[in-house]
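A closer look at the structure
Chain by chain, the residues run as shown.
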Amino acid sequence: MPQERVLIVDNERSVIAMAADALRALGYAVVVAESGEDAMAVAGRESFDLVMAGDTLPDLDPAALVQQSRSLNPNASAVIMTDRSNAAAGFKPTSTASRLVLAKPFGEDDLKSTVLQALEKRDVTTEVLRLRTLMPLFEVSSALMSEVKLDRLFDLIVDIVKRETNADRVSLMVLDESSQHLSIEAAVGLPGEIVSSTRAAVGQGIAGSVAQSGEALLLNGAVNHAWAGEGEPITSAICVPLKVKGRVIGVLNSSNIVRQGSFTRSDLDMMTILAGQAAIAIENARLFEEVDAKQATLEQLLGELLRAQEEERQRISTEIHDSVAQLMVSASYHTQSSSALLAQSKFDRARDEAEFATKIIGKCVKELRGIVTELYPPALSELGLLGALQENVEYFRRETGVACRVLSATLPEQLSPVQEMVIYRVVQEALNNIWKHAQATEAQISLDTNASEITVEIWDNGKGFDVGGTRRTKSQSGGVGLLNMRSRAQMLGGNLTIEPRTGGGTRVVLTIPRSSPDNLSRNSQPSAKGGVG
Ligand SMILES: Nc1ncnc2c1ncn2[C@@H]1O[C@H](COP(=O)(O)OP(=O)(O)OP(=O)(O)O)[C@@H](O)[C@H]1O
Ligand SMILES: [Mg+2]
C-alpha cells in the first residue's frame, strides 16, 4: 500500500473531489486546496511527495508552488492539470523536465498512470540526487587520502562546494582557537580585498554565529553580509560549520548574487555532508603537518646529538692524548732510565728516576679520574641519585651564594642508570644556567613520582628569559644546553618543559616514564655534556 502524500489544488471542485477520492482509494494520503493561497500555505508547512496543480487558478503560479514544496522535500514531483485544448495544442508548463501534464477532464485510469509515472520520476530523481551527493563525497574522501598540504586542500574544498551547489561565491573560514576569530583561508568568486580583510569574531555576523551555535544556516532573500561586497546583494546563502568530534574548526560559506533562484534544502544537506568530510580532511592534513614538524625537530635533535657525540669523542681523545698519554710516555721513559741505572748499579739515581715515574703515574691517575668523572659521575654510584644531587647543590650554594635545596617527596627504589644519569645531567645543566644567566637569589629542585612518571622540577627566582625565542634552535649565545636537556628527556620517551615561573624566574620540568625504554644500552653510559651546557 503506497503511503505517499499528495497535494491537489484546483478551482474545479469536481476535479479535486474525483482525484482525491480515487487516490485515497489507492492508499495515498491526500490534502486538497481550492486556492493558490491555501496551497502555498500548506506546501510551506507539510512535506509532499507529489503536487498536482491546476493551471487556471488566478492566484496560483504552479512553478512557485512546486518550488515551495521542494523547500521541504527536494524530491517532490509535480503534475500540472490543464484543460484538453491546452494539452492538445502541446501546452507545456515551464521546466517540463520535472513535471507531467494531465489533461482535464481525466478518468481514473489516466489519473492513476500519471501519478505512478510522476512518483517513478521522483524515485529516479532521488537516486540521481543520492549519486550526486556521493560523487563529491568520494572526491573529498580521495582528497583526504591524497592531499596533505592544507592550503591545497582548502582550495580543493571550495572548488568542490562551488561546483556542487552551483554557487556564485564560496569561502572557507578557519577558526583561530586562541583568538576566537574566523578568517578566510580559501575562496572562489570573492574579491581579493574581502578575502584578506574579513575577520569574524565567534558569535558575530552570520559565520560567527554559525561557529558559535555549530548549526548550519540556509538564508533566502536579501542577505546583508560582508561577503556581498559593494552593490552586489546576496540573494541566498548557506553557511555550515566544519566540525571535528563536535568541535567547530571553521565555517563553509556559499552564496548567490546573480543566479536567479535560491539554494534548496538539498543544497544545504549536500553542503552539510561535504563539510563533515572536509573537516576530517582538514584535521588529517593538520595532523600530518604536525607529524612533519615533529619529524623535522627530531631530525634536528638527532643531528645535534650525533654532533655532540662526535665532539665529545674528540674532546676525550684530545684530553687523553694531551694529558694521560703524554704522562704515560714520560713515566715509561723514567722507568726505563731507572732500569738502566740499576744495571749500572747507580742505585741512588735509579731510585730518583723510579720515584719520579711514580709521581707521574700518580698524576696520570688523577687526570684519568677527572676524565672518568666527566663521563660518569662517581658520586652517582657512590651516593645514589639523591646523594649526588645534594652534593652538587651544596657545591652550587657555596660557589654562587644562591639559596638552593633539594626536595624529594618520593623516588622509586630502582631507577635505571640511564634514568639517573639523565636526571643528574638535566639538573646539572639547569643549575649551570641559573648560575650563568638567571641572577637568582633562590632556587629549588624537587623530585616526585607517581605510578607512571618521574617528575623533576627546577625553579629559580631570577630574571627569566624568552623561552619561545630559544625553542628548538640554538640559543643566541650559541649554547645547546636547553636542546641537550630536551633530547635527553626524549631519549627516554619523556618530555622537558621550560616556562616562566609565576612570581618571576624560570621553571624547568622534566618528566620521564617510570618504565622508560632505556633505548641506550645499560652498559653504555650516555656521553657527558662536555663543553656544552
Ligand atoms: N634559568 C635561566 N634564567 C635566565 N636565562 C636562562 C636560564 N636558562 C637559560 N637561559 C637563557 O637561555 C639561553 C640558552 O641556554 P642554553 O643552556 O641552551 O645555552 P647557554 O647556557 O648559553 O650555553 P651552554 O649551555 O651551551 O653552555 C641562555 O643563553 C640564557 O639566555
Ligand atoms: Mg646552558
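These remarks concern the structure in this document. (Residues numbered from 1 in each chain as written. Chains lettered and ligands numbered in written order. Predicted model: local features only at pLDDT ≥ 70, side-chain atom pairs only at ≥ 80, totals over all residues. Heavy atoms only, no water.)

1. With respect to unusual backbone geometry
A cis amide bond, omega -10°, links K104 with the succeeding residue P105. Here P105 lies in the loop between strand 5 (99-104) and helix 5 (108-146). Look at Q180: it is not a glycine, yet its phi comes out positive at around 55°. Tracing the backbone shows Q180 in the loop between strand 6 (169-176) and strand 7 (181-188). (Helix = DSSP H or I, 4+ residues; strand = E, 2+ residues; numbered from the N terminus.)

2. Quick look at the sheet that holds strand 14 (residues 453-460)
An order of 12-13-14-16-15 is seen for the five strands of this open sheet, with the pairing classed as mixed. Unpaired on one side and paired on the other, strand 12 (403-408) and strand 15 (495-500) mark the two borders of the sheet. Neighbouring strand axes in the sheet, compared pairwise and without regard to direction, differ in orientation by 10° on average. Sheet analysis places strand 15 next to strand 16 (residues 506-513), joined by six bridges and oriented antiparallel. When the bridges of strand 16 are listed, I498 appears paired with V508. Here helix 11 (residues 378-400) sits on the sheet in contact with strand 12 and strand 13 (442-449), set at roughly 170° to strand 12. (Pairing = 2+ DSSP bridges. Axes fitted to C-alpha atoms, helices over the stretch in contact; angles between N-to-C directions. Contact = heavy atoms within 4.5 Å.)

3. A short note on the side chain of N73
Residue placement: N73 occurs in the loop between helix 3 (62-72) and strand 4 (77-83). Aside from chain neighbours lying at most four places away, what touches N73 is S47, F48 and D49.

4. Quick look at the environment of V15
Within the fold, V15 resides in helix 1 (residues 13-25). Owing to a relative accessible area of 12%, V15 belongs among the buried residues under this scheme. Separated by 66 residues in sequence, V15 and M81 place their C-alpha atoms 9.5 Å apart. Apart from the residues lying within four places of it in its own chain, the contact partners of V15 are D10, M81, K104 and F106. (Buried < 20%, exposed > 50% of the residue type's maximum accessible area, 1.4 Å probe, protein only.)

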